[in-house]
Amino acid sequence: MRTRRLLGLALATATLVGMSAVGAATARAATYPSISAEQCTAEGGTVHQGGPYTGPTCKFPDGHSELIT
């Protein structure tokens, strides 16, 4: 009986760790990386200067935008 509990606990722990790793990887993959203004124009994007609370961004022809570093 004790072995069953330990195996159950180990399985539950491994499941939670796996779910955390998948969630972190998914969140990381969903964000766009920052690029430079030169890379933006070289890839066909247009540089838009930010406002008072936002930094400059690059807007691409396919509709997405990225922060410029």
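Residues numbered from 1 in each chain as written. Predicted model: local features only at pLDDT ≥ 70, side-chain atom pairs only at ≥ 80, totals over all residues. Heavy atoms only, no water.

Student: Is there a simple way to think about the environment of Val47 in this case?
Tutor: With respect to the element layout, Val47 can be found in strand β1 (residues 46-48). When neighbours within four sequence positions are excluded, Val47 is seen to be in contact with Ala37, Cys40, Thr41, Thr57 and Ile68. (Helix = DSSP H or I, 4+ residues; strand = E, 2+ residues; numbered from the N terminus. Contact = heavy atoms within 4.5 Å.)

Student: Looking at this structure, how should I read the state of the cysteines?
Tutor: Simply put, disulfide is the name for a covalent bond between the sulfur atoms of two cysteines. Taken as a whole and judged by the stated rule, the model has one disulfide. In this model, Cys40 is linked to Cys58 through a disulfide, with the two sulfur atoms separated by 1.9 Å. Where Cys40 bonds to Cys58 through sulfur, the torsion about that S-S bond is close to 85 degrees, and the disulfide is right-handed. With a gap of 18 residues between them, Cys40 in helix α2 (residues 37-42) and Cys58 in strand β2 (residues 57-59) connect regions that are remote in the sequence. When sorted by exposure, Cys40 lands in the same class as Cys58, which is buried. (Disulfide = S-S within 2.5 Å. Buried < 20%, exposed > 50% of the residue type's maximum accessible area, 1.4 Å probe, protein only.)

Student: What is the right way to read the nonpolar core from this model?
Tutor: One finds Ile35, Cys40, Cys58, Phe60 and Ile68 forming the largest nonpolar core, which totals five residues. Those residues in contact with Cys58 that sit more than four places away from it in its chain are Ile35, Cys40, Gly45, Thr46, His64, Ser65, Glu66 and Ile68. (Core = buried A, V, L, I, M, F, W, Y, C linked by side-chain atoms within 4.5 Å.)

Student: How should I be thinking about the sheet that holds strand β3 (residues 65-67) in this particular structure?
Tutor: Backbone-to-backbone hydrogen bonds join strands into a sheet, with any given pair of strands oriented parallel or antiparallel. Ordered by their spatial adjacency, three strands build an open sheet running β1-β2-β3, and the pairing between neighbours is antiparallel. Taken across any chain shown, the strands that pair with only one partner, and hence form the sheet edges, are β1 and β3. Recorded for the sheet is a direction-independent mean angle of 30 degrees between the axes of neighbouring strands. Alignment of β2 against β3, held across three bridges, turns out to be antiparallel. Residue pairing across strands places Cys58 opposite Glu66, the latter belonging to β3. (Pairing = 2+ DSSP bridges. Axes fitted to C-alpha atoms, helices over the stretch in contact; angles between N-to-C directions.)

Student: How should I be thinking about the side chain of Glu66 in this particular structure?
Tutor: Among the structural elements, Glu66 can be located in strand β3. Residue class for Glu66 comes out buried when judged on its relative accessible area of 11%. Only 3.2 Å separates the side chain of Glu66 from the side chain of His64, close enough to count as a polar contact. (Polar contact = N/O pair within 3.5 Å; in protein donor to acceptor, adjacent residues only side chain to side chain.)

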